[in-house]
Every structure is written in C-alpha cells, then in structure tokens.
Amino acid sequence: MERLLNRPSGIWLWPIFLSMAAALVFTLPGSAVASDKVIKIGSCPDLSGPTSEVGKPFSSGVRGYFDYINSKGGINGRKIEYLETDGSYNIPQETAAFKRFVMDGIVAFIGWSGGGHLQIAQMASAKKIVVLGASISDVFANIQTSPYSFIHCASYDQVWRAMIDHAMNKNPGKKLKAVIIYPDNGYGHQNADTCRKYLKEKGLELVGEEIVGFKDIDATAQMLKIQRLNADIALCPQVEPSIAVIMRDAKKVGIDTKKLQFYVNLQGMGPVGIKLGGKNVEDLIGGSPFSAWEEKDLPGIKMIHQANPDKKALLPWYVHGWAAALVISEGLRRLGDKEVTGENLKKSLESIKDFDTGGVTSPISFSPENHIGGRGVKLYRPNLQAGYFEAMTDFIYPK
Amino acid sequence: MNDSLRLLLDLIINGLVVGSVYSLISLSMVLIYKGSKVLNLAQGELLMAGAYVGLVLMTVLHLPFVLALCLTTAVMAVIGLFVERTFLRPMIGESIISVIMITLALSYVFRGVAGLIWGSETYVFPRVLEDTNVTVGGIFFSGIYIVTIGLALGLVVLFFFFFKYSIYGIALRATASDQQATLSVGISVKRMFGLCWAISAMLSGVIGMLLGIVSGLNLTIGFYGLLALAPILLGGIDSIGGAILASFLVGVIENLAQGYLASTVGGSVKEVTAFSIIVIVMIFRPYGLFGTEEIERL
Amino acid sequence: MGEFCGDTIESYIRDESVFKTKTITICVTILGCCVALMGLGVNQYMLHLLVSIGIAIIGAIGLSFITGFTGMISLGHGAFIGVGAYSMAILTDRLGIPFIIALPLSALITAGIGMFFGLPSMRIKGLYLLMATIAAQVIITFLMIHCQSLTMGLNGYPVKPASIFGFEFDTERKYFYLIYAVTLICILAAKNVARSRHGRAFVAIRDQDIAADVIGVNLFKYKTLAFAIGSFYAGLAGALWAPYLSLITPEAFSLDLSIGYLAMIVVGGLGSIMGAIYGAIFMTLLPEFLKILMEEHLRGFIPDAIRSVPHIKNILFGLIIITFLIFEPHGLAEIHRRIKKYFKLWPFPY
C-alpha cells in the first residue's frame, strides 16, 4: 500500500479520464429527426427519489401500454419509441431531460414533479410539444400559460371535490370543519390551494393546516394540534409512508378516525400504506380518477390484464401511467395520415369527445378551451385483509 | 388540567421520546469524535445499514426480533471495523476537510449500494410487540416505542459508565486527547480507532433497526443522521453528557416549535428551529454548551 | 532560441505573470478560441452542458476561495447560489433593473449575506464552522420556501431571459457566449486575487492562522473577505443560472448542491484556481457520461438498468471522491502539474 501511495499514481487515472472524454464525445446524443415510421415520446419519472414508489409503477404503466400497442402493430402503422430517464424528483434534472429529448425529436412529453412540470409545460409550449404529467394539478390545464399541456383524467381539483362532496353527503346540513395536512413542496401546495378554494366555495370551515413532509417519521406534534380542533374531515395530499405515519400518530394521540374522516388522494392509496399503517388506516378513504387492477370486469382493465399475463397485481399508479399513454395514443390515432408534430397532436387531442377508455377512467373529452380530460372520480377504502384499496363507488362526477 | 397546559405537556413528552432517539445517534457521533477526532457525516447511513441488515434477518431469514437485533449488532460491528480500516486508516494525518469529505463520500456510497440492492421502496418489518401499550399523559405508546426508549436510555447510561470506568473507555479517551502520548504508553491507537468505530456502528445499527420497525424503512432514513448534528452542536462535539442532554433538549424544542410556531410561519419548522437556536447559542458559547474549548498551540 | 531547463525569469513583472512562458500563453489562447468556436458548431445539448460547466466553474472558484485557499469548510454554498438566483429574479422582475446591472448587484447582495453568515467564523473554527454553514444552508432554504411574498415559494419564480441593451439571450447558443465571456473574466480576476497579497494572506490563514495573526495578517478582515469573495462568485453563478433555468425553485439549491461543489474542489485540487476549474468540468460531465453509458449502451444487457442509474451515480460519486482523497489528495490539478513537469523535461529523464 505504501508503495502505491508513493508512486506518481495520478498517471493511471489518465487512461480512465481520456477514455471517458472519448466516449462522451463519440456517444453524444445526435439531433435525431422524427422519422415517419417512429413516434418518439419522452418522460422523466421519479425512479429513485422520494416519490419513486409511485414513479416506478407509473413508468411501467406507460411503457406497458406502448409495448402493448406496438405489439399490435403500432398506431396507424407507426411504432412508438418511449424515451425515459430518471428525473429523481429533481427539477434541474427533469428539465435537462426534457431538453435532451427535444433534441431527439419527441412530439410529447410526460412530466413528473409538480414543480418540474410547471417549468417544462412552459418550455414545451414554446417548442410546441404536447405535455401530460403524472402531476394532475389544475395549474397545468391553464391554457394561457401552457397551451400545450393536457390532463389525461380528472384533475386533483375533481378528486378533492368528490371527496369533500362525499363528506357533505354523509353529513347533510352540517357545516363541516376541515383540516389540510400536506407536505411542504410543490405537490403539497398545489393540492392544498385546490382544497382551500373548494372549501371556501362550499362554505365549509377550514379550521387548521398542518405540514407533514415526505421524510417525516413523526407527526405527533401536528396530530396533537389537530386533536384539539375538533375537525370533521382531514384532507391529506400525501404519499403512502406519510399517510401511514399520520394515521398512526393520530391514533396515538387518541383521535377517533371514525369521527375525523381522513381523505387521501391517489398518491397515498397503495398496498404499502396498508402494510405500514395496518389497523391505523382502516378508516381512510382514498380518491382517484382511475379504476383499479382488481376491477377486471371493466374492458379497459381487462386489457391491462391481457398485457400483463404474469402479474399478480399492479398498483394504482400503473393504471395512471397506462391511462396517460392511452390518451396520448388516442390523440395520435386521430391524426390518421397527417404528419406527426406537436401542433397536430394538440389539435387532434382537442378534438376528442367522450372517448371511452373502457372504464380505466371516466370518458375523456378535450376542447380548445378545456384541457382537463375527465371529470369522474372513484372513492376507495382499504381492504386490510387483501392488502389493497378497493373501490367503494363508481365514477362520481362532482359539480 | 386545562387544555393548553395539556398540549404543552404532550408536546414535551413527545419531544423527550424523539430526543431519546436522537441521543443514541448523537452518542454514536460523539463516540467517533472522541475516539478518532473525526466528524462522521455518514452516521445516518450507518443507521440505514443497521436497519437493512435487520430487515434481511427478519424477513429473509425469519429470525425472531431479539435474535435479529443481536445479530445486527454483530454485523454492524464488522461493518464499522471494515469502514475504519479501509477508508479512514489511509486518512490518518490528513486535513479535516479530507476526512469529512471521505465520510460524506461514504454516505453516498452506502446509499447507492442500498439503493442498488433494495431499490427506493419502503419496506415494512414484521410486526413486533404490537399489542403491548402504555399510555402516558393521553398518548399511546406501542410496545416497540417503549423498547426503543428503554434501550436508548439504557445504552446511554451504559456508555457513560463505560467511558468513565472501563479500561477500554479510558483508553479511548486517552486516544482522543493525545495520540502521541497514548502510543507511548503502549496502547495501540489503531485498535482504539477500530473499537470506537465498531461500537458507534453497533449503536447506530440498533437504533436504525428500531426506527425501521417503528416507521418503515427506505433510503431516506439516513436523514436522521443529519438531524442529530443539531444536538451535537448544541451540546459540544466531544461531550457525551452534553450530547445526550442536548438531544433531549433539541427533541423538545423541535416539538414545541412545530406545535406553536408552525401555524404562524406555515411550514416544517422542526429542522430550522433546531438549527437557528444552535446558531444563536454558538454566538455566546462557540463550542457548545458543554464542549471543551480548543486551545491551539503552534 | 527555445526553452531552457528551469526558469529564465528576469524581472519581477515576468515572475508575477499568469502565464509564465510565451508557449503557454499561445496554447491557452488557442484553447480559448477552440472553446469559443465550439459554441458555433456543437448541438444544443452540448451547449447546455457547456453552459452548466461555465456556471459550475464560477461557483467552484468561489468555494475555492473560502475552503481551498482559506481553509474554512463551507457546506452552505448551494444556498448562496440560490440567494444569487433569487436576487436576480427579484431585481429584474420587481424592480425592473436591467440584467447588466442586476448581475453584479445580485452578486454583491450574496456577498453581503455571505459575510453575515461568515461572521461566526471569527469565533469558531473547523468543525463548528462547518456545522454553522450547514445551519446557514438549512435556514436560507427555509426562508426561500416560506417568504412566499418575496420568493413565490415552491411554485417557483419565473425569470425572464437575460437581455443587454435590448439584445435578448434567448437561445442556448447566445447564452453560451455570455457565460463564456463572464467565466473568462471571473477566472482571470480570481487568478489575480490568488496571486496577490490577499491570496497569500488566505493561504497563510489556512495553514497556520495563529502564526499568520502574529505576523500581522488581520484575521477578521481576511476571513470576512474570503467569505465575501466566495459568496460573490456564488451569487454570480446563481444570477447567471436563473435566466437560463427560466423558473427557479428552492429545491434546486439544496444541501446536495453544496456537497456537489465541495466535491468539485476536492477532486479538482484544493487551493488552486485550476483545481476548481478541473473539478467543475469533471464533476459536471461525470453524471452525463454515466447516463449515456447506462441508458444507451447497457439498455440491451440489463433491462431495468435505468432504475439503477441514480444509485450507481451515488456509488461512483462517492468512490471517485474517496479514490482521489486517498491516492491523489491534491486532485486533478496535481495530475496536471505532474504531466507538465514530465513534458517540461522530456525527453530527458531529469
């Protein structure tokens, strides 16, 4: 070891350095031209960061659908090439990925994080590339700021409306008190803003807000405060580990989860939440714009089963990704023989009316004024025995 | 008892619970500092390693909890020795920056390896001691929480006496205070380094496994290591008693801040409050509440 | 008349010059022109990389002053870059100040804030100072997220593209030339400071601060100056980055960014400007290279290779730093010096 340390050891690092430089120069992404036979679609899901538990199945869902379609001959004879890189919930990384794929000639991009998608939506509109995102916040349907941005299902807005409506229907005539428990990031704030708006619209009282972040392992202090507020409903845009922590600590401080109804949106309704939370989450209600894998009677879900014959179960976010791919493909299909460009795809999508996705989502409609595709939301309850969330309603259409 | 007093009490109690967790982590870091003058920024990742080892023992080998805990301790000791010998030994004598960078780099390597093997999913341990419950002041504590607190406190007391009376403890303190003198008395400094890293790894591993059981395990559990920096700063980086006391203090402060300030400030105030208080304290007592002031000689 | 063996410097001016021989000056100028020409021929992604490298160089030089020259370890650099970025955003957006004034102004603001957080450096050293900088990072990030009225919080602050006297830098190519020019100026300025008495004072403080104090180096003045210059550069880097990103969010200026910059100067070589430059280039290109390797070449072999990329990136990042620290503690700059020495004497062995 000593001898190794005393030699001019830097020399052996040079071959590594030079070969890296050479490799980099030779393998740079060239500016590819979108050929007529191949349609390129890019994406930057979170495969390794704080939301990777949702990101990985989402990415599988998107890829699953495109693979399935390609195996059936593609769309109008053209195959889809799905370019994907890990965004890691990191905005500079996501935007760099977007720029790289633009150079590769994509016509559509599927974004991920709330913050990153915001930025990419603006850039995409400048470059005339259609964007959809896993973050289905209404912010992205703003035609003024990002005219090329579409939401392939009901948005977060609808999901929260549906859940708040459900609470109001169960307690007719009562002026409900609500708390919002959200993480301190783009996703959390976007959802919280939506909740506040709707609560105000319906005349419900917002008695408190608490922050519980993605990384928090202890929410006792927050729950202690909520306990004293005597709220009726708790709206939680959270991921699974967080909602498990929240409900565990809620029970810990003595909150009766039958009296205080916890609602979580689709990012929090998965098997891990049930595993982590156990009995603590038994009273949780989840809302999602999608149907679940377990509903195999629906033709759209059956198609997912057919595409994945060897899978025992797939997560709600697989369906989310699948649906995104499905909607883009429908837009591409309607292009017929026209040239595949972002601009044409946008117009094609806007022409979709009442597209039946076979029950995967509620029927999808777009128009030049409306880029939110769906309005239907399903509510779910955890099935502790089976270990997944079960649909307890069909698609609800909040007003 | 009126309500706001109850809230205060509940927050303090929870703060003490959280503090007991911090105390083990900060104890591990202080141990390494006292033994080898290294600030180990990879402590959180050692926590994570212990948790994953425990996970494998309990879910793959299906060992019962107590056995798994003991085995985890043994494995972590080996890991601690390995890390010290491979990565820290060559850095003896180098500047502080280099050593700190090595621990930082190590934390990335650990996280990368764990990510490769286990991915970034959240894993759940099999249920341990679910049914035993204790109620303190209106807050339920499940069995595993009690074990965690009990173990944390017990280990802290154990190490306090270890350092004061055991021959190895004294040897470690000697190494920390003056390596040359220690060598001349015949104590193998290298062995002492190995020992303190092994013990520190064991401690972190234990608390990591317990944390994993309580709240699920994924790659981000190492974050706790960073949070433990606050108590160390406050208590003084080379004072065991200081670190422990500061841990409880920081736990309580964080909870109180989250409880009272969050609504006005609107956000996750835990880390910021802890760090802000520390910055203020450091203006008056730069070496922490109980740290020894460094007297430099040329 | 060619090169002699050894130095043939005959005046103080020659001794102090940045480029010690005519050959070096010519080589560096050619290199500079090559890089400038690259801006014309290369595709957009390469330009993006070059811009990132330029900004990284500026930031790394800044950290170099604080940590490399003066020996004060700082893990708050990422936050300061963020301060620069937000300053630029707020100045151009709310106060309508033109880019060309907002740029140095943002850097100055950051320098001020840097000095403020550097004040504790007077009383505390080494590890405690390090943790104070971590505290600075955490606190500044918190403020960026929560002073919503000022910073637009987590929704991000949109920043208009840079424009000087009406000329808008709205494409990658134009921005590359802007960054190139600024980076060049920064490097020369830094080199100048480094070889001046201030630079020597910094190094004195790092090596033996008590002795430096004894011989009359004003510790307070120079430590604060180091933080000021370092933060100025950080602010400059951030202010240049903001219009490029066109939307800045607090999440971009995290502890990971600080660690990344520290890694740059450690790998590149502490205590030298060239080290900072090398380190910046190396650490910016590394993840790109890895991504290309994993995604385009290994996709055939390992289907889910893409999922392991970030983990392998972490491992590689850590291992490279460890390797450099153990085997080449003076970094890439030292390797460069060795090669230069070798060629200086070539083909003679000594």
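Residues numbered from 1 in each chain as written. Chains lettered and ligands numbered in written order. Predicted model: local features only at pLDDT ≥ 70, side-chain atom pairs only at ≥ 80, totals over all residues. Heavy atoms only, no water.

Digging into the overall build of chain B
Threshold: Helix and strand assignments follow DSSP, with helices taken as H or I runs no shorter than four residues and strands as E runs no shorter than two, numbered in order from the N terminus. Just to be clear, the radius of gyration here is over C-alpha atoms, and the globule rule we use is 2.2 Å times residues to the power 0.38. Categorising residues by exposure relies on relative accessible area from a 1.4 Å probe, with only protein chains included: less than 20% of the type maximum marks a residue as buried, more than 50% marks it as exposed, and the intermediate range marks it as partly exposed. By definition in these notes, contact holds between two residues if any of their heavy atoms fall within 4.5 Å. By the counting scheme adopted, Arg and Lys are positive, Glu and Asp are negative, and His together with the chain ends is not counted. All charge positions are set by atom: Lys at NZ, Arg at CZ, Asp at CG, Glu at CD.
Scanning chain B from terminus to terminus reveals 13 helices and 2 strands. Since a compact globule built from 298 residues should have a radius of gyration of about 19 Å, the 19 Å found for chain B is in line with a globular shape. Projected onto its principal axes, the C-alpha coordinates of chain B cover approximately 60 × 50 × 35 Å. The 298 residues of chain B split such that 60% are buried. For chain B, the share of sequence-separated contacts (at least 6 apart) that also reach a separation of at least 24 residues comes to 75%. Measuring between centres, the 14 positive side-chain charges of chain B sit 10 Å from its 15 negative side-chain charges.

Overview of the pattern of salt bridges
All names here are of chain A. The criterion, for reference: Any Lys or Arg side-chain nitrogen located within 4 Å of an Asp or Glu carboxyl oxygen qualifies as a salt bridge.
Evaluation of the coordinates by the stated rule reveals 22 salt bridges over all chains. Put simply, Arg196 and Glu209 hold a salt bridge, and the shortest N to O gap is 2.6 Å. Here Glu209 lies in strand E6 (residues 205-211) and Arg196 lies in helix H7 (residues 186-202), a separation of 13 residues in the sequence. In this structure Arg196 comes out as partly exposed when scored by relative accessible area, which is 27%. Glu350 is the salt-bridge partner of Lys346, the closest N and O atoms lying 3.3 Å from each other. Here Lys346 pairs with Glu350, and both are found in helix H13 (residues 342-350), just 4 residues apart, close to one helical turn. Relative accessible area serves as the criterion here: at 17%, Lys346 is assigned to the buried category.

Some words on the nonpolar core
Residue and element names in this part refer to chain C. What counts is decided by this rule: We define the nonpolar core as a collection of buried residues of types Ala, Val, Leu, Ile, Met, Phe, Trp, Tyr and Cys that are connected through side-chain atoms lying within 4.5 Å of one another. Either an automatic procedure or a domain database provided the assignment from which the domain bounds are taken.
Within the largest apolar cluster, 212 residues are counted, with the highest numbers of intra-cluster contacts made by Ile248 and Phe253. Each of domain 1 (73-253) and domain 2 (260-350) contributes no fewer than three residues to this core. Leave out the neighbours within four places in its chain, and Ile248 touches Ala85, Tyr86, Ala89, Gly156, Tyr157, Val159, Ala242 and Phe253.

Side note on the packing of aromatic side chains
A ring pair, where both rings are aromatic, is described by two values, the distance of the centres and the angle of the planes. Operational definition: For Phe, Tyr and Trp, rings pair up if their centres lie within 6.5 Å, where Trp contributes its six-membered ring, and each pair is then called stacked (planes under 30 degrees apart), edge-to-face (over 60) or tilted (otherwise).
Tallying each qualifying case throughout the model produces 32 aromatic pairs over all chains. Both rings, one in Phe160(B) and one in Phe161(B), keep their centres 6.2 Å apart while their planes meet at 80°; by these two values the pair is edge-to-face. Judged by its relative accessible area of 44%, Phe161(B) is partly exposed. With a centroid separation of 6.4 Å and an interplanar angle of 70°, the aromatic rings of Phe232(C) and Tyr233(C) are classed as edge-to-face. For Phe232(C), a relative accessible area of 27% corresponds to the partly exposed category. A relative accessible area of 7% places Tyr233(C) in the buried class. Site record: aromatic cluster; members linked through ring pairs are Tyr65(A), Phe66(A), Tyr68(A), Tyr82(A), Tyr318(A) and Trp322(A).

Considerations on the sheet that holds strand E4 (residues 130-133) of chain A
Residue and element names in this part refer to chain A. The following threshold applies: Two strands qualify as a pair provided DSSP detects at least 2 bridges between them. Working convention: axes come from line fits to C-alpha atoms, limited for helices to the stretch in contact. Angles between N-to-C directions cover 0 to 180 degrees.
If you walk across this open sheet you meet the 4 strands as E2-E1-E3-E4, and the pairing is parallel. Each having just a single partner strand, strand E2 (79-84) and E4 make up the two edges of the open sheet. Averaged over all pairs of adjacent strands, the angle between strand axes in this sheet comes to 25°, irrespective of strand direction.

Digging into the pairing of strand E10 (residues 378-383) of chain A
Residue and element names in this part refer to chain A. By the criterion of burial, E10 is predominantly enclosed, with 5 of the 6 residues buried. Note that strand E9 (residues 285-288) and E10 share 3 bridges and pair antiparallel. Residue pairing for E10: Gly287 is matched across the bridge by Leu379. With 4 bridges joining them, E10 and strand E11 (residues 388-391) adopt antiparallel strand pairing. In the strand pairing of E11, Arg381 is matched with Glu390. Following E10, the chain reverses through 4 residues before pairing antiparallel with E11; Gly387 in that reversal takes a positive phi of roughly 90°.

What to know about the domain arrangement of chain A
Residues and elements named next belong to chain A. Put simply, the rule reads: Throughout, the accessible surface (probe 1.4 Å) given up by two parts as they are put together, summed over both, is called the buried area. What qualifies as a polar contact is a pair of N or O atoms within 3.5 Å, subject to a donor-acceptor requirement within protein and to the restriction that residues adjacent in sequence count only when both atoms come from side chains. Here the nonpolar group is Ala, Val, Leu, Ile, Met, Phe, Trp, Tyr, Cys and Pro; Asp, Glu, Lys and Arg are the charged ones; every other residue, Gly included, is treated as polar.
Assigned domains within chain A: domain 1 (38-154 + 295-368) and domain 2 (156-288 + 380-391). On the domain 2 side, the residues contacting the 19 residues of domain 1 number 18 residues. Across the domain 1/domain 2 interface, buried area totals approximately 1500 Å², and carbon plus sulfur atoms make up 60% of it. Where domain 1 packs against domain 2, one counts 0 salt bridges. One can count 3 residue pairs in polar contact (both at pLDDT 80 or more) joining domain 1 with domain 2. Listing elements by their share of the side of domain 1 that touches domain 2, those giving two or more residues are helix H3 (52-71) and helix H12 (316-333). Here the residues of the side of domain 1 that touches domain 2 are counted per class, giving 11 nonpolar, 5 polar and 3 charged.

Observations regarding unusual backbone geometry
All names here are of chain A. Phi is positive for Asn76, which is not a glycine, with a value near 55°. Although it is not a glycine, Asn230 sits at a positive phi angle of roughly 55°. If you trace the backbone, Asn230 turns up in the loop between helix H8 (220-227) and strand E7 (233-236).

What to know about the confidence of the model for chain A
Stated precisely, the cut-off is as follows: pLDDT measures how confident the predictor is about each residue, on a scale from 0 to 100.
Of the residues in chain A, 91% reach a pLDDT of 70 or more, and the chain-wide mean stands at 83. Residue range residues 30-34 of chain A is modelled with pLDDT below 50. Its contacts to residues more than four positions away, or to other chains, number 9 contacts.

Some remarks on helix H8 (residues 172-194) of chain C
What counts is decided by this rule: A helix is expected to reach a length of 1.5 Å times the quantity of its residues less one.
Over its 23 residues, H8(C) runs 32 Å from end to end, which matches the ideal 33 Å to within 8%, given 1.5 Å per residue. Taken together, the buried positions of H8(C) are Glu172(C), Tyr175(C), Phe176(C), Leu178(C), Ile179(C), Tyr180(C), Val182(C), Thr183(C), Cys186(C), Ile187(C), Ala190(C) and Ala194(C).

Here we look at the environment of Ser272(C)
Residue and element names in this part refer to chain C. With respect to the helices, strands and loops of the structure, Ser272 is situated in the loop between helix H12 (255-268) and helix H13 (273-297). The spatial distance from the C-alpha of Ser272 to the C-alpha of Leu219 is 21 Å, given a sequence separation of 53 residues. Once residues lying within four places of it in the same chain are set aside, the contact partners of Ser272 are Ser64, Phe69, Ala333 and Arg337.

So, the sheet that holds strand E5 (residues 177-182) of chain A
Strand pairing in a sheet takes place through backbone hydrogen bonds and is either antiparallel or parallel in direction. Residue and element names in this part refer to chain A. Strands sit in the order E6-E5-E7-E8-E9-E10-E11 across an open sheet of 7 strands; the sheet is mixed. A single partner strand is all that each edge strand has here, and the edge strands are E6 and E11. Recorded for the sheet is a direction-independent mean angle of 30° between the axes of neighbouring strands. Lying over the sheet, H8 contacts E5 and E6, oriented at roughly 165° with respect to E6. Sitting on the sheet, helix H9 (residues 240-252) touches E5, E7 and strand E8 (261-265), and the angle it makes with E8 is about 175°.

Comments concerning the interface of chain B and chain C
Counting residues at the interface gives 49 residues for chain B and 41 residues for chain C. Taken together, the two surfaces of chain B and chain C that pack against each other cover about 4000 Å², and 82% of this comes from carbon and sulfur. Where chain B meets chain C, there are 1 residue pair in polar contact (both at pLDDT 80 or more). Listed by contribution, the elements that provide at least two residues to the side of chain B that touches chain C are helix H3 (65-88), helix H4 (96-118), helix H10 (229-235), helix H12 (262-266) and helix H13 (270-284) of chain B. The element best represented in the side of chain B that touches chain C is H4(B), accounting for 16 residues. Of the residues in the side of chain B that touches chain C, the class split is 35 nonpolar, 10 polar and 4 charged.

Structural notes on helix H5 (residues 99-118) of chain C
All names here are of chain C. Taking 1.5 Å as the rise per residue, H5 with 20 residues should run 28 Å; its terminal C-alpha atoms sit 28 Å apart, in good agreement. Of the positions making up H5, those classed as buried are Phe99, Ala102, Leu103, Ser106, Ala107, Thr110, Ala111, Gly114 and Gly118. Close packing links the buried residues of H5 with helix H4 (77-93), strand E2 (163-164), H8 and helix H11 (219-245).

Digging into the environment of Ser184(B)
Residues and elements named next belong to chain B. Looking at where Ser184 falls in the secondary structure, it is placed in helix H7 (residues 179-185). Residue classification places Ser184 among the exposed residues on the basis of a relative accessible area of 61%. For the pair formed by Ser184 and Ser36, sequence separation is 148 residues and the distance between their alpha carbons is 17 Å. Side-chain polar atoms of Ser184 contact the backbone oxygen of Ala181, separated by 2.6 Å.

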